[in-house]
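Reading the structure
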Amino acid sequence: MESSPSDGSVGEAGQACRLPREIVRHILLDSLDPFTILSMRRTCKLIYKTSRDKDIWVATLEKVCEEYGIFKPTFPMAQMSLMELEHAATSPQRFLSLIVHPHPNTQPIQYRLHPRRKRREPLSTDSDPNGRPYLVENLMLVPGGRYLLCTVQMGDSEGHDIAIWDLG
């Protein structure tokens, strides 16, 4: 006879709740993706409390960075809150799900994005000692979204420089 949690016995999820906390930590740290951790959080108090340990989410975010090729220093993990770590760890999967399964009211996303128009924008006259504006070309957001790379032409000069901006 198959047991169910309503008949007083412990179901499959309840079996995990009887494990020692260190084994639950090991399972959460080593083998689960962020959404599975969040789903397991709903099974019992032990897993809920264990899944709210910051070091589990730091390790999970590190795994996500490796899996998706995200530059790890993009995230100041030691200073991030638990909510920020959970958000960052789930972001790549949430973004990909928007592309693969877009909302029915949205326009389909093209795989190759081309700008409708290109133009050079002066950023600021404060940066150039001679009062000449920087002209920005070829913008590229580094995977992870914290750093912006671009080529810049300073004033009337012929050459280009590479500029890196920390957006964090």
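Residues numbered from 1 in each chain as written. Predicted model: local features only at pLDDT ≥ 70, side-chain atom pairs only at ≥ 80, totals over all residues. Heavy atoms only, no water.

1. Focus: the environment of L82
Structurally, L82 can be placed in helix 6 (residues 82-100). Considered as a pair, L82 and V58 are 24 residues apart in the sequence and their alpha carbons are 8.8 Å apart. In this structure L82 touches R52, D53, K54 and W57, once residues within four positions along its chain are discounted. (Helix = DSSP H or I, 4+ residues; strand = E, 2+ residues; numbered from the N terminus. Contact = heavy atoms within 4.5 Å.)

2. Points about the packing of aromatic side chains
Overall, the coordinates contain 1 aromatic pair when judged by the stated rule. Consider the rings of F71 and Y147, whose centres lie 6.4 Å apart with planes at 70 degrees: the pair is edge-to-face. Taken together, the residues F71 in the loop between helix 5 (54-68) and helix 6 and Y147 in strand 3 (residues 147-154) connect sequence positions 76 residues apart. (Phe/Tyr/Trp six-rings, centres within 6.5 Å; stacked < 30°, edge-to-face > 60°.)

3. Thoughts on helix 5
With 15 residues, helix 5 extends 21 Å from end C-alpha to end C-alpha; this agrees with the ideal 21 Å at 1.5 Å per step. Three or more residues of helix 5 are buried, namely I56, W57, V58, T60, L61, V64 and C65. The first or second residue beyond helix 5 is G69, which carries a positive phi of 70 degrees. (Expected span 1.5 Å × (residues − 1). Buried < 20%, exposed > 50% of the residue type's maximum accessible area, 1.4 Å probe, protein only.)

4. Quick word on the nonpolar core
Counting 20 residues, the largest nonpolar core has L61, F75, M77, M80 and L85 as its most contacted members. Of the residues forming this core, the biggest block, 6 residues, is contributed by helix 5. Not counting residues up to four positions away in its chain, the partners in contact with F75 are L61, C65, I70, M80 and A88. (Core = buried A, V, L, I, M, F, W, Y, C linked by side-chain atoms within 4.5 Å.)

5. Some points on the side chain of R25
You can see R25 is positioned in helix 2 (residues 21-31). Here D55 takes part through its side chain, which lies 2.6 Å from a polar atom of the side chain of R25. Aside from chain neighbours lying at most four places away, what touches R25 is T50, D53, D55 and I56. (Polar contact = N/O pair within 3.5 Å; in protein donor to acceptor, adjacent residues only side chain to side chain.)

6. Comments concerning a nonpolar patch on the surface
A contiguous nonpolar surface patch, about 280 Å² in accessible area, is contributed by Y68, F95 and L96. Considering the arrangement of structural elements, one finds L96 in helix 6. Residue classification places L96 among the partly exposed residues on the basis of a relative accessible area of 38%. (Patch = residues over 30% accessible without salt bridge, like charges linked within 9 Å, V, L, I, M, F, W, Y side chains within 5 Å. Areas by Shrake-Rupley, 256 points an atom, 1.4 Å probe, with all protein chains shown as cover. Salt bridge = Lys/Arg side-chain N within 4 Å of Asp/Glu carboxyl O.)

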